[in-house]
Each structure stands twice: as structure tokens, then as C-alpha cells.
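# Inside the fold
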Amino acid sequence: MEELVLGVDLGTSAVKVSAVSRGGKIVAQRSFDYPLSQPKPGFSEQNPEDWVNGTTMAIVELILKDGIAVDAIKGISYSGQMHGLVLLDQNKQVLRPAILWNDTRTSQQTQEISEQMGDEFIDITRNKALEGFTLPKILWVKENEPNIFAAAQTFVTPKDYLRYRMTGRLAMEISDAAGTVMLDVAKGDWSSEIQAAFDLPVSFFPPIIQGIEAAGNISESYALFSGLDTNTQVFGGAADNAAGAIGSAILKPNMVWSSIGTSGVVLKYEDNADVDYHGQIHFFNHAIPNKYYSMGVTLAAGHSLNWFKSRFAPAEDFTDLVASAEKSTVGANGLLFTPYIVGERTPYADGDIRGSWLGIDSMHQRYDFVRSVLEGIIFSFKDIFEIYEAAGTQFDTVIASGGGAKSPLWLQIQADIFNKKVIVLENEQGPGMGAAILAAVGLGWFESVEQAAEKFASFGQVYEPMAENVAKYAQIYQIYKQMYQQTAEISHELLAYRREN
Ligand SMILES: Nc1ncnc2c1ncn2[C@@H]1O[C@H](COP(=O)(O)OP(=O)(O)O)[C@@H](O)[C@H]1O
Ligand SMILES: O=C(CO)[C@@H](O)[C@H](O)COP(=O)(O)O
């Protein structure tokens, strides 16, 4: 009987559970969708019970439909959507729906945090207090739902809640703890300064564990519910971006991960906490012990293309639509697009900015618009590269991932705009593979995360920058860079009319 681990990828729209062999082969995979609730503009919530039920359904199907033997499952670990707030009472019952990473109700609280702690907050947490992060959500509940807050004994992030339900043991894994912006990142522990500043008792904070650390076994009650065995060991896991980077073997400081999913992420592995980006990009503890990663986020990366397709080419498939951009030119025949269609995070932490096209000409064809969308998304990634360059950070290799990495044209655009070689993974599996790697290392199948990731991930085609295109894009990027400043005021003025509809 082949020994397996389960990597549970707890996303925002679905959970995907992968059964992975010791050799890194995915032998079966099941996923289960759950709803997102948006009860008011800017609110984004989920019912934690849906995560537990969805995961259980996926596991039951792996056992019953795919014939995975329960006693073959030696270990389980997780990748989780980051920053979500799950508040628990004294009996560890959920007090209200989870407030998710993409919920923007907390603008006032982010201001309060800056006013109260100023730069000290960034020095400790290595991040700005953005709306998506967990601390502002806690303060929102404190101010707006005092009865719920009074009953709250502790909190966790989404995958840490799921792990609690599967093991009966409550803990916060360190890469997700960093995303709460209540961690002293360099010390790797909860910050007593933040606890004191916001009057949060020490008892409110769960113990911190490492990504590869044993977090217990499957509990008897969860074994009854799911069909799993209580001999199966459970390990800490990782925040989804940390897990994605591990699954893509981003393991050296010369490597950057460029991921085009719904949102876009540019992520860099960091060997230590010495580099200081002063909160311009996120800086978090890694799920690899004593390692870190930094990242910038384009809120609407794949989402911009998705939006374009749904409005202007609903019947076409992605591959044909993206390939049509070949008919345009470098620079889309003088058309520029900013992908701020749901606001932006990096480098402009501006929830109210919106996208624009500049240079529209009556000669433009639809394919020019498609090309401008592909290029605008990569220019916004280039903005993140510029932060790295300004900090004197060196890297030479970009590993491309996410749905956007399916297009050879888009990969070449990345190589040309970044002026770096761009490499794709041969069998990309995303964060679930990172989760499986953490379980495999936790079980002792490998000596280190690095060793396991090198075995599980294999690199494929390399896209080299083309000198002529690099030169043109370098000029066009100088124009793109002005677009945020030039459009921000107009965009903010239009806000009133947008909300009227
Ligand atoms: N064939 C394709 N070529 C280029 N981009 C694609 C293709 N198919 C999907 N995409 C892009 O990938 C995005 C989805 O990526 P994915 O990694 O699956 O996202 P998520 O996990 O966030 O749902 C889509 O929004 C779309 O922009
Ligand atoms: O907020 C962040 C990272 O800071 C997001 O990356 C969420 O963690 C995304 O979750 P999914 O879109 O992968 O579900």
C-alpha cells in the first residue's frame, strides 16, 4: 500500500484536497465549493462550518469514490486563505461569520491603528495596517458588535480553525499569525506592544506553531465524521501564498514567484528578517522554520482579464481570447490599461482607485484592448519589482504560476516587461502541493522543506527576455508609472456616482 499525505487547500471559493504520494505524485484530488456572503457593500463573510463540511465532503469522496485507503493517509497539512477572522467563545464555538481577507469595512480601524502606533506598528509587524488584515477586523467587532466581542475568548484564521475542528487542538501557524499583523515578525511571537496598545489580553492569542510542526492527530469525533483514522498525524500548514511558494519551489533569495490568479502576487523568498521594506510591501514569517517572504499584491490580476472576457467576449474561451493579443503590438498600439478595477493594494494601498484606459483611438481593435489588459497587469507587477530594486534586492529568476501562466504570450510579456527569465512549472499544483510538502516533511519523509520541494516540483519551459521588446516596454512603463497619480483624483471624484448605482 502506497503511503500518502493530504494537502488541504482552503481557498475563498472552494476547498481542494490532494492525495499525494511519497514521490510527489497527485494520486487523487477532490474539491468542494462554498458560498461567499456579501451582506453589505464592502462586507465579505463565510460560515466556518462550510469549510469543515466542504473539506469533509472532499475527504469522503477521496475515500469512497477514489478508493484511497484510510490507513495509507499518514499525514495532513493545510494551505489557507489568509487574514480571515474567526472569533471563538469560551467553549470554542464560532461567535459570528468569519470576516474575510477581501472585506473592506475596516477603513476607519486602519486609520486608528496608524494614529495610535505610527511607524512603531510597521517596525514590529513589518506591514501597514491594511483593511484586509486581521487586527482591523478585531477592532471593528470591538467597536461595532461589543456583545460579541465581550463573549470572544480567542480567535484563529481560517485554516487554523479547520485544523482545530479536525484535531480538537487550537493553535495558530506562524505564517498565518504574521498575516494578522499582531506578530512581532523578527521575534516570531505575538507582540506585547500591540496587545497593550489595543487592550487585547494575552489569553486572547492562541499558541503559535511552525508549518511542519505536529499539531495533533485526527480526533475521535472527526474520525467518526469523516472516515479518517486517528493514527493520521496533522501538521501546522501555511498561509496560501507561503504554501504556493513552497509548492513552486521558491526557495532561494534569487527567485521570485509571479502568480496570476484572481489576484496577482509577486513574492520573494527572504533568508532572514534583515531587509526592511518599511511596509511598502508585505513581509511575513514563512512556513519554513526561521525563513521569511515578502510580497506585493495586485488585487485584480486574472480578475481584470476575467472581467474583460465576461463583459466583452463571454462566448470565447480564455486561450483564444488571450492568443488574439498576438495580433496587436508591444504596447497595444498605444493603448494603456491600469488594472485597478477593485481598488489596489501594492504599491498603492488605495481601495477607492479604479482602472482606466488611456490612448483609445478609433483604429483600436478588440485585440488591442486584450493586449493592453495583459500588459497593464504585468506593469502593475513591475511596480512591485521596482520596490525590490529600490531596496537593493537582487534576483534573476521568475517562476510563473496561476491560471495566467497557461498562456505562452502572457509569459513572454512577463519576461519582456520584467527583463528577467521566466520559468513555468511542469505540473503546477499550487498551494495544495505546498501543504502536502509540509505534511511530508513533518512526517520525516524528507529532512527539510527545501529537499521535499525540490523533489515534488519540476521546472519546465524557460522564457528569455527579447531585447527589442525589453527596450520598448522600458519606455512604455515610464508612461504607465504616471497613470496612478494622473488618474487618482478623477477616480476618487467618480466614487460618489459609482456608489449611487
Ligand atoms: N488559458 C488561459 N490563458 C491565460 N490566462 C488564463 C487562462 N485561463 C485562465 N486564465 C486566467 O487565470 C485566472 C484564474 O487563475 P487561477 O489560478 O485559477 O485563479 P484562482 O485560483 O484565484 O481562482 C483567470 O481569471 C484568467 O484571468
Ligand atoms: O489576502 C491575501 C494575501 O495577503 C490573499 O492572497 C488571500 O490569501 C487569497 O486567498 P485565495 O484567493 O487564494 O482564496
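Residues numbered from 1 in each chain as written. Chains lettered and ligands numbered in written order. Predicted model: local features only at pLDDT ≥ 70, side-chain atom pairs only at ≥ 80, totals over all residues. Heavy atoms only, no water.

The protein chain carries the name Xylulose kinase in an unreviewed UniProt entry, which gives Weissella coleopterorum as its organism. Listed under Sequence similarities (unreviewed entry) in UniProt, the entry text for the protein chain is "Belongs to the FGGY kinase family." One UniProt comment on the protein chain, placed under Function (unreviewed entry), says "Catalyzes the phosphorylation of D-xylulose to D-xylulose 5-phosphate." (UniProt positions renumbered as here; feature names shortened; annotations may be inferred.)

Our next topic: the overall build of the protein chain. Summing up its helical and strand segments, the protein chain has 18 helices and 24 strands in all. Over its C-alpha trace the protein chain gives a radius of gyration of 22 Å, about what one expects of a compact globule, namely 23 Å for 501 residues. In terms of its C-alpha atoms, the protein chain occupies a principal-axis envelope of roughly 65 × 55 × 45 Å. Taking the intrachain contacts of the protein chain between residues at least 6 apart in sequence as the baseline, contacts between residues at least 24 apart amount to 72%. Surface summary for the protein chain: the accessible area is close to 19700 Å², and the carbon and sulfur share equals 48%. Charge separation in the protein chain, taken as the distance between the mean sites of 38 positive and 60 negative side-chain charges, equals 3 Å. (Helix = DSSP H or I, 4+ residues; strand = E, 2+ residues; numbered from the N terminus. Rg over C-alpha atoms; globule rule 2.2 N^0.38 Å. Contact = heavy atoms within 4.5 Å. Areas by Shrake-Rupley, 256 points an atom, 1.4 Å probe, with all protein chains shown as cover. Lys, Arg positive; Asp, Glu negative; His and termini not counted. Charge placed at Lys NZ, Arg CZ, Asp CG, Glu CD.)

Residue Pro347 is reached from Thr346 by a cis peptide bond, and omega for that bond is 0°. Positionally, Pro347 belongs in the loop between strand 20 (336–338) and strand 21 (356–358). Its identity as a non-glycine residue notwithstanding, Val181 has a phi of 50°, on the positive side. Considering the arrangement of structural elements, one finds Val181 in the loop between helix 7 (174–178) and strand 10 (183–184).

Every one of the 15 residues lining ligand 1 counts as a neighbour, but Gly261, Thr262, Gly302, Thr319 and Gly403 are closest to it. Thr319 is positioned with one of its side-chain polar atoms (N or O) 3.2 Å from a nitrogen atom of ligand 1. Within the backbone of Gly403, an N or O atom sits 2.9 Å from an oxygen atom of ligand 1. Coverage of ligand 1 by the protein amounts to 71% of the 580 Å² it exposes when considered alone. Of all the secondary structure elements, the ones that give two or more residues to the shell around ligand 1 are helix 11 (302–312) and helix 12 (318–324). Per-class residue counts for the shell around ligand 1 are five nonpolar, nine polar and one charged. (Near = heavy atom within 4 Å. Polar contact = N/O pair within 3.5 Å; in protein donor to acceptor, adjacent residues only side chain to side chain. Nonpolar A, V, L, I, M, F, W, Y, C, P; charged D, E, K, R; others polar.)

A cluster of acidic side chains, namely Asp119, Glu120, Asp123, Glu193 and Asp276, defines a negative patch on the protein surface. Residue contributions to the negative patch peak at three residues, all from helix 3 (residues 119–125). Turning to its location among the elements, Glu193 is positioned in helix 8 (residues 192–197). (Patch = residues over 30% accessible without salt bridge, like charges linked within 9 Å, V, L, I, M, F, W, Y side chains within 5 Å. Salt bridge = Lys/Arg side-chain N within 4 Å of Asp/Glu carboxyl O.)

Burial analysis of strand 23 (residues 421–425) places four of its five residues in the buried class, which makes it a mostly covered element. Pairing between strand 22 (residues 397–401) and strand 23: four bridges, direction parallel. Across the sheet, Val398 pairs through a bridge with Val422, a residue of strand 23. (Buried < 20%, exposed > 50% of the residue type's maximum accessible area, 1.4 Å probe, protein only. Pairing = 2+ DSSP bridges.)

Here we take up the domain arrangement of the protein chain. Under the domain assignment, the protein chain is made up of domain 1 (4–241) and domain 2 (249–427 + 466–496). One C-alpha centre belongs to domain 1, the other to domain 2; they are set 28 Å apart. Contact with domain 1, which involves 26 residues of that partner, is made by 21 residues of domain 2. For the pair domain 1 and domain 2, the summed buried surface comes to about 1900 Å²; carbon and sulfur atoms form 58% of the total. Where domain 1 meets domain 2, there are four residue pairs in polar contact (both at pLDDT 80 or more). Broken down by secondary-structure element, the contributors of at least two residues to the side of domain 1 that touches domain 2 are helix 3, helix 7 and strand 15 (238–239). Examining the composition of the side of domain 1 that touches domain 2, we find that three residues originate from one element, helix 7, more than from any other. Class assignment of the residues belonging to the side of domain 1 that touches domain 2 gives a composition of 13 nonpolar, ten polar and three charged. (Domains from an automatic or database assignment. Buried area = accessible area lost by both parts, 1.4 Å probe.)

According to UniProt, the feature "active site" (unreviewed entry) maps to Asp240 in the numbering used here. For Asp240, the position within the fold is in helix 10 (residues 240–247). Residue classification places Asp240 among the partly exposed residues on the basis of a relative accessible area of 21%. If we ignore the near neighbours within four places in the chain, the residues touching Asp240 are Ser79, Gly80, Gln81, Met82 and Pro431.

Taken together, the seven strands give an open sheet; going across it, the order is 18-19-17-16-22-23-24, and neighbouring strands pair in mixed fashion. Either end of the sheet is taken by a strand with one partner, and the two such strands are strand 18 (282–285) and strand 24 (459–463). Ignoring strand direction, the axes of neighbouring strands in this sheet form an average angle of 25°. This element, helix 14 (residues 408–418), spans strand 16 (255–260), strand 22, strand 23 and strand 24 of the sheet and lies at about 145° to strand 23. (Axes fitted to C-alpha atoms, helices over the stretch in contact; angles between N-to-C directions.)

The next point concerns the site of ligand 2. If you check the shell around ligand 2, you find Gly11, Thr12, Gln81, Met82, His83, Trp101, Asp240, Asn241, Met295 and Arg345 and nothing else. With respect to ligand 2, the side chain of Thr12 contributes an N or O atom lying 2.4 Å from an oxygen atom. Contact distances for ligand 2 include 2.9 Å between an oxygen atom and a side-chain N or O atom of Arg345. For ligand 2, whose accessible area on its own is 380 Å², the fraction buried by protein is 85%.

Within helix 4 (residues 134–144), eight of the eleven residues are buried, which leaves the element mostly enclosed by the surrounding structure. Looking at helix 4, one finds that the buried residues are Thr134, Leu135, Pro136, Lys137, Ile138, Leu139, Trp140 and Val141.

Below, the discussion takes up the pattern of salt bridges. With the rule as written, the count across this model stands at 20 salt bridges. The closest approach of N and O atoms between Glu316 and Arg366, which form a salt bridge, is 2.9 Å. Pair noted here: Glu316 is in the loop between helix 11 and helix 12 and Arg366 is in helix 13 (residues 366–390), with a separation of 50 residues, a long-range link. On the accessibility criterion, Glu316 (24% relative accessible area) is partly exposed. Through salt bridges that share partners, Glu45, Arg96, Asp103, Arg105 and Glu145 make up one connected network.

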